Amino acid sequence: MAQDDHPTHSANERQPLLNHQATDSGEGGDSRDLVSFHDGDGENPRQWSIHKKMVNVFIIALMSILSPLASSMFTPGIEQIAHSLATNKETVIGCTTGFVIMLGIGPLFLAPLSETFGRRVVYLVCFSVFTLLQIPSALSPNIETLIAMRTLSGFFGAVGIANGGGTISDMFEPKERASIFGWYLLGPLLGPTLGPLFGGVIVQRLGWRWIFWVLTIICAVNTAAGFFFLHETYTPVLLQWRKQKLEKDEHAPNKYRFEGEDDRPLRTKLIHSLGRPPRILLQPIVLIMSTYQALIFGTTYSIYTNMQPIYQDDYGFSTEQVGLLYLGPGLGFLFAVWFLVPRIDTVYNRLTKNNGGKSKPEFRLPLANIGSVLIPGSLFWFAWTVEYHAHWLASIAATFFYGVGQVMILNTTQNYYIDSFEQYAASAIAAGALFRSLFGGAVPLIAPLMFEKLGYGWGISVFAFISVAIAPAPLVFFYYGGKIRERFAVEL
């Protein structure tokens, strides 16, 4: 009997996130021997030692830190860049817009590529290009060149964000994934936070061009570490290598097959994969939760790009001192990952046990409500302490709780996507990344005008009011998400 175009698998979690459509796996007359992992197989990424797994996580997490770090590292030097390149501050902010938007577009291409050629080669090629692009950024003779180089950098730098979730899913079981994912997710969060801190020191002491020379050096070290220590985790590629070795050793071409083997033309596979994220984005749970993430990213970049005028003009801080203020949300990230994120797995496992051992994607969402409360609360707090020129510590304290809220929303949402779409989770993550990056890149362009017209109090409160409106989403999806997913199910 012929196999369906979309076969069901008994172990969906073992399948990569953007799984290819499988070929005939033995039914219908395929007599080839099956190549697979066996118990205790040292080549199976899920059976690697924890040390080997964490080396991979560390390298991709560092890639995921460095690309967002590059997105915000130059913000303390916006005025210096504008003066040096004979332009205005608004145009310089366009460097961030191009970079952040490409951080969203990149995953739409890089995720499918990793499903075709493997994770490792895509990581290494893209991050090598990302590293080299820092050199022309440092040498930019005009703002047009800088914007172009930054935009290209954003595309190739998105590789860690595009494939990090897939790599972690390749290596870790669902019951332990949220905790590991929390540490990896620190990259996209800490990057924009630490960037201005380091950038402030570099700009004040060495000048803005040295931002990109420093990035070149650090990224080169990260890329070199990848060449030596990053291992392939994508199951079809590993099984393909095993299949080829067996056939070569036995001089028996086409003797073996593996589950999920896909012999379709490359063009066909890529077109099919690239069409999936838009379909998933239209699903209510993805559309609404991606809107939530987009709001957070837009708010974050709007505040980060205006920290310098807020604290230099109103509080008299130096560039270095402004950079240190970004430790507020950074400490919030670390607090959340250390103390709260592990509880996501705890709650998930407990609810699964209470449900007769049957898990549901919605079991990832209860702790998202922490973020739903902290995000608007901290934004109102920050807005009005800045508006009334309260002590700087009062406003920075608000950013700590904002950081905690960010982690709880982003971590629970990403895990909700993975559990909801199983082997298609990378498409869901890519769709959400596109939405939030477009929003995160565009909103900071209009934020200065909004703050000028409304003031920081009401201007930042606009973001807070929107976050209040969307705050019930995790609670609604916890109770009704399963029915919504069934009602709006589409062929993926």
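Residues numbered from 1 in each chain as written. Predicted model: local features only at pLDDT ≥ 70, side-chain atom pairs only at ≥ 80, totals over all residues. Heavy atoms only, no water.

## Details of the overall build of the protein
Along the protein, the regular secondary structure elements total 19 helices and two strands. Relative to a compact globule of 492 residues, whose C-alpha radius of gyration would be 23 Å, the protein shows 23 Å and is just as compact. With the principal axes as the frame, the protein shows a C-alpha extent of 75 × 50 × 35 Å. Expressed as a percentage of the 492 residues in the protein, the buried residues total 58%. For the protein, the share of sequence-separated contacts (at least 6 apart) that also reach a separation of at least 24 residues comes to 82%. Of the charged side chains in the protein, 35 are positive and 36 negative; the average position of the first set lies 2 Å away from that of the second. (Helix = DSSP H or I, 4+ residues; strand = E, 2+ residues; numbered from the N terminus. Rg over C-alpha atoms; globule rule 2.2 N^0.38 Å. Buried < 20%, exposed > 50% of the residue type's maximum accessible area, 1.4 Å probe, protein only. Contact = heavy atoms within 4.5 Å. Lys, Arg positive; Asp, Glu negative; His and termini not counted. Charge placed at Lys NZ, Arg CZ, Asp CG, Glu CD.)

## Some remarks on the layout of surface pockets
The rolling of a water-molecule-sized probe over the atoms marks out the regions of remaining empty space. The volume enclosed by the second largest pocket comes to roughly 390 Å³. Looking at the lining of the second largest pocket, the elements with two or more residues in it are α2 (78-84), α3 (89-117), α13 (307-313) and α18 (425-470). Ranked by the residues each element gives to the lining of the second largest pocket, the list is headed by α18, at six residues. (1 Å grid on protein atoms, 1.4 Å probe; cavity = no way out; pocket = protein on both sides within 12 Å on 5 of 7 lines; lining within 4 Å. Points joined across faces, edges and corners; volume = space filled by probe spheres on them.)

## Focus: the nonpolar core
Counting 117 residues, the largest nonpolar core has M307, Y311 and F382 as the members making the most contacts within it. Aside from chain neighbours lying at most four places away, what touches F382 is I303, M307, I310, Y311, S395, A398, T399 and I460. (Core = buried A, V, L, I, M, F, W, Y, C linked by side-chain atoms within 4.5 Å.)

## Side note on the environment of S128
Considering the arrangement of structural elements, one finds S128 in helix α4 (residues 119-138). Separated by 26 residues in the primary sequence, S128 and M102 place their C-alpha atoms 17 Å from one another. Filtering out sequence-adjacent residues up to four positions away, S128 remains in contact with T223 and F227.

## A closer look at the pattern of salt bridges
By the definition in use, this model includes nine salt bridges. Across the pair E79 and K89 runs a salt bridge whose closest N-O atoms are separated by 3.8 Å. Highlighted residues: E79 in helix α2 and K89 in helix α3, separated in sequence by ten residues. A relative accessible area of 43% places E79 in the partly exposed class. Residue K89 is classed as partly exposed on the basis of its relative accessible area of 38%. Of the charged contacts in the structure, one is a salt bridge between R364 and D345, with a shortest N-O distance of 3.0 Å. Here R364, found in the loop between α15 (327-354) and α16 (368-387), pairs with D345, found in helix α15; they are 19 residues apart in sequence, far enough to count as distant. Summarising the burial analysis for this pair, R364 and D345 share the class buried. Beyond isolated ion pairs, a larger network of salt bridges with shared partners links R177, D345, R364 and D419. (Salt bridge = Lys/Arg side-chain N within 4 Å of Asp/Glu carboxyl O.)

## Concerning the packing of α3 against helix α5 (residues 143-157)
Contact pair α3 / α5: the axes reach a minimum separation of 6 Å and the direction vectors enclose 25°. Between α3 and α5, the angle falls in the class roughly parallel. Handedness of the α3/α5 crossing: right-handed. On α5, the residues touching T91, V92, C95, G98, F99, M102, L103, G106, F109 and L110 of α3 are I143, L146, I147, R150, T151, S153, G154, F155, F156 and G157. Each residue belonging to the contact of α3 with α5 can be placed in one class, and the counts come to twelve nonpolar, seven polar and one charged. (Axes fitted to C-alpha atoms, helices over the stretch in contact; angles between N-to-C directions. Parallel < 35°, antiparallel > 145°, perpendicular 65-115°, else oblique. Left-handed = near helix turned anticlockwise from the far one by under 90°. Nonpolar A, V, L, I, M, F, W, Y, C, P; charged D, E, K, R; others polar.)

## Remarks on the packing of aromatic side chains
Applying the stated criterion to the full structure yields 23 aromatic pairs. Look at F155 and F156: their rings are 5.2 Å apart centre to centre, the planes differ by 85°, and that puts the pair in the edge-to-face class. Take F156: its relative accessible area is 22%, and that puts it in the partly exposed class. Grouping aromatic residues by their ring pairs yields a cluster made of F335, F339, W381, F400 and F401. Positioned above the aromatic ring of W48 is the side chain of K52, whose terminal nitrogen or guanidinium carbon lies 4.4 Å from the ring centre. In this arrangement the basic side chain of R364 is found over the ring face of Y348, its NZ or CZ atom lying 3.8 Å from the centre. (Phe/Tyr/Trp six-rings, centres within 6.5 Å; stacked < 30°, edge-to-face > 60°. Lys NZ or Arg CZ within 6 Å of the ring centre and 35° of its normal.)

## What to know about a nonpolar patch on the surface
A surface patch of nonpolar side chains, amounting to about 790 Å² of accessible area, comprises W183, L324, L327, L331, L334, F335, W338 and F339. In terms of residue count, the dominant contributor to the nonpolar patch is α15 (six residues). On the secondary structure map, F335 appears in helix α15. (Patch = residues over 30% accessible without salt bridge, like charges linked within 9 Å, V, L, I, M, F, W, Y side chains within 5 Å. Areas by Shrake-Rupley, 256 points an atom, 1.4 Å probe, with all protein chains shown as cover.)

## Side note on the environment of N349
Mapping N349 onto the fold places it in helix α15. The spacing of N349 and A431 is 82 residues in sequence and 27 Å in space, taken between C-alpha atoms.

## Focus: the confidence of the model for the protein
Mean pLDDT over the protein stands at 84; residues scoring 70 or higher make up 90%. With pLDDT under 50 throughout, residues 1-28 is counted as low confidence; its partners more than four residues away or in other chains account for 79 contacts. (pLDDT = per-residue confidence, 0-100.)

## Side note on unusual backbone geometry
At A86, a position not held by glycine, the phi torsion is positive, near 55°. Considering the arrangement of structural elements, one finds A86 in the loop between α2 and α3. Its identity as a non-glycine residue notwithstanding, H389 has a phi of 55°, on the positive side. Mapped onto the elements, H389 comes out in the loop between α16 and α17 (392-421).

## Some points on the side chain of S67
By secondary structure assignment, the location of S67 is in helix α1 (residues 50-72). Judged by relative accessible area, which is 0%, S67 ranks as buried. For S67, the contacting residues outside a window of four places in its chain are F99, L103, F130, G157 and I161.

## Here we look at helix α9 (residues 235-249)
Here α9 contains 15 residues, and its C-alpha end-to-end distance of 21 Å stays within 8% of the 21 Å for a straight helix at 1.5 Å per residue. Within α9, the full set of buried residues consists of T235, P236, V237, L238, L239, R242, K243 and E247. (Expected span 1.5 Å × (residues − 1).)

## What to know about helix α19 (residues 473-487)
Owing to its 3.6 residues per turn, the α-helix brings residues three or four apart onto one side. The end-to-end C-alpha distance of α19, which contains 15 residues, comes to just 17 Å, noticeably less than the 21 Å that a straight helix rising 1.5 Å per residue would cover. In α19, a bend of some 75° at Y480 exceeds every other bend along the element. Listing the buried residues of α19 in full gives A473, P474, F477, G481 and I484. (Bend = angle between axes of the 7 residues up to and from the residue.)

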